[in-house]
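Observations on chain architecture
In case you want the letters, here they are:
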Amino acid sequence: MSFSSSCILPPAMLGILGGGQLGAMFVIAAKTMGYQVTVLDPDPNAPAAQYADVHLCAAFDDAAALQTMAGCAAVTTEFENVSADSMRWLAQYTEVSPSGDCVAIAQDRQQEKDWITRAGLATVPFVVICVDSDINSNLEEFLPGILKTATLGYDGKGQIEVGTVDELRTAFTQLQKVRCVLEKKVDLRAEISVVVARLDEQQTVCFPPAENQHENGILAYSLVPARLPQPVLQQAEYMALKLAHAMDYKGVLAVEMFVVGNEMQLVVNEIAPRPHNSGHYTLDACVSDQFQQQVRLMCGLPPAATDLLQPCCMANILGDVWPAGREPDWCTVLNHATACLHLYGKKQVRPGRKMGHFTVLAEDSAQAWQMARSLHLHLQNDAQNFCSTALNISC
Ligand code: ADP
Ligand code: MG
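Basis of the calculations
Residues numbered from 1 in each chain as written. Chains lettered and ligands numbered in written order. Predicted model: local features only at pLDDT ≥ 70, side-chain atom pairs only at ≥ 80, totals over all residues. Heavy atoms only, no water. Salt bridge = Lys/Arg side-chain N within 4 Å of Asp/Glu carboxyl O. Helix = DSSP H or I, 4+ residues; strand = E, 2+ residues; numbered from the N terminus. Buried < 20%, exposed > 50% of the residue type's maximum accessible area, 1.4 Å probe, protein only. Donors = N, O, S within 2.8 Å, 3.2 Å for Na, K, Ca; no water. Axes fitted to C-alpha atoms, helices over the stretch in contact; angles between N-to-C directions. Parallel < 35°, antiparallel > 145°, perpendicular 65-115°, else oblique. Left-handed = near helix turned anticlockwise from the far one by under 90°. Contact = heavy atoms within 4.5 Å. Nonpolar A, V, L, I, M, F, W, Y, C, P; charged D, E, K, R; others polar. Phe/Tyr/Trp six-rings, centres within 6.5 Å; stacked < 30°, edge-to-face > 60°. Lys NZ or Arg CZ within 6 Å of the ring centre and 35° of its normal.

Let's shift gears to the pattern of salt bridges. All chains considered together, the criterion is met by 15 salt bridges. A salt bridge links lysine 31 to aspartate 53, with the nearest nitrogen and oxygen atoms 2.8 Å apart. A residue pair is termed long-range when its members are at least 10 positions apart, and lysine 31 in helix 1 (residues 21-32) and aspartate 53 in the loop between strand 2 (36-40) and strand 3 (54-56) qualify at 22 residues. Aspartate 101 serves as the salt-bridge partner of arginine 88, at 2.7 Å between the closest nitrogen and oxygen. Taken together, the residues arginine 88 in helix 3 (residues 84-90) and aspartate 101 in helix 4 (residues 100-107) connect sequence positions 13 residues apart. Relative accessible area serves as the criterion here: at 35%, arginine 88 is assigned to the partly exposed category. Overall, the relative accessible area of 46% leaves aspartate 101 in the partly exposed class. What you see here is one network of salt bridges that share partners, running through Asp85, Arg88 and Asp101.

As structure tokens, this is what we get:
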């Protein structure tokens, strides 16, 4: 592999739309590689701002801020709900990856499923619900199902489980009658995700699939290697690469998949046009990580090697373990010789908010998962004890 002289090299200024934890980890990777970074995010306390050279504290469609971003050598994004039009506008002046068109696909579950199908891949059975009259008894085949808003859903938000046509009507009203997809609720054997790093057709790699466990619709643990038969994992990688090629994707793409039924059929659930929570394990367990890949690809550099160096389990740390605002007891995690702690520096704590994560390395992923669960349980118990004994309040 080689790279052309048109590559963007350090200390060029890179731009990123969004300054959440994904933006922060991108900035750390870029700065480590010698680049400078401008972050656009309206939140003065955006996690990425603590590392960035420049923080443009403005709305994502702010004309002056976009003008400044247009002066960066290349621009990327850390979340899909940034305006695709802003990205298309920026592409007139600078390198933008992923493209506004790819981001637009990932913003909309209906479009996303159209692309998945067009790429020759399976989705769960679904139907689009736009208006009341779309709801009728013919929908029985999708029940029990999950009604999801077509846009703006994340971490299980904007979704309602429905068992009957009547419940579906109520749920549609609850979701303000915005355009939705009704998905059949499938029998999940497992959930996996594959993070793809694609520069072009020849230069595309992916990280080993992660086995994901959710709690209350939010990712809780990612185990790598996933504990599934090798052919299933190979098929998952093949499908993720196929989708990236079909979209002519440039950058880091995460593909979430369901492993359905005893036959272990793989269906694509959704995609994210950026590094993904389930790819955080790459920071501590792989030759390169998903944020370094994002930097490389936006700069026109070939993707780096993605080999897993050691089995691991990533655990998310949610705001729930900050009892009454008190900092959790980090000792146990920090005293563990193979646990790598990452805290995002978010100022506001809320239950369910992703505040950090840690990755435990072990001999195999099941062992890593066991250790991660016990560390996590310790954080939870400590929070609980603090509430019940020290303060005698319910947190
Ligand atoms: P989000 O954008 O919130 O991540 P997802 O569509 O990925 O939304 O749904 C969140 C979680 O809900 C999934 O990871 C899975 O555990 C569960 N889920 C979603 N859709 C289905 C489905 N059709 N059948 C079974 N479980 C589902
Ligand atoms: Mg999801």
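Protein coordination of the magnesium ion (ligand 2) is provided by Glu256 (OE), Glu256 (OE) and Glu270 (OE), with donor distances spanning 1.9 to 2.8 Å. Highlighted residues: glutamate 256 in strand 14 (residues 251-260) and glutamate 270 in strand 15 (residues 265-272), separated in sequence by 14 residues. Residue classification places glutamate 256 among the buried residues on the basis of a relative accessible area of 15%.

Turning our attention to the packing of helix 1 against helix 9 (residues 290-298). Running from amino to carboxyl end, helix 1 crosses helix 9 at an angle of 70°, the nearest separation of the two axes being 8 Å. The orientation of helix 1 relative to helix 9 falls into the category roughly perpendicular. The crossing of helix 1 and helix 9 is right-handed. Contacts between helix 1 and helix 9 involve Leu22, Met25, Phe26, Ala29 and Ala30 on the former and, on the latter, Phe291, Gln292, Gln294, Val295 and Met298. When its residues are assigned to classes, the contact of helix 1 with helix 9 shows 8 nonpolar, 2 polar and no charged.

Right, let's get into the packing of aromatic side chains. Pairs of aromatic rings are described using the distance from one ring centre to the other and the angle between the two planes. Evaluated as defined, the whole model comprises 3 aromatic pairs. Geometrically, the ring pair formed by phenylalanine 60 and phenylalanine 79 is tilted, given 5.2 Å between the ring centres and 45° between the ring planes. Here phenylalanine 79 lies in the loop between strand 4 (74-77) and helix 3 and phenylalanine 60 lies in the loop between strand 3 and helix 2 (63-70), a separation of 19 residues in the sequence. Ring centres of tryptophan 322 and tryptophan 330 lie 5.5 Å apart, and the angle between their planes is 70°; on these two criteria the pair is classed as edge-to-face. A residue is classified by how much of its surface remains accessible, and tryptophan 330, at 11% relative accessible area, is buried. In this structure, lysine 113 packs its charged tip against the face of phenylalanine 126, placed 5.4 Å from the ring centre. Lying across the ring of phenylalanine 386, arginine 326 places its NZ or CZ 4.2 Å from the centre.

Keep in mind these numbers describe shape, not what the thing actually does.
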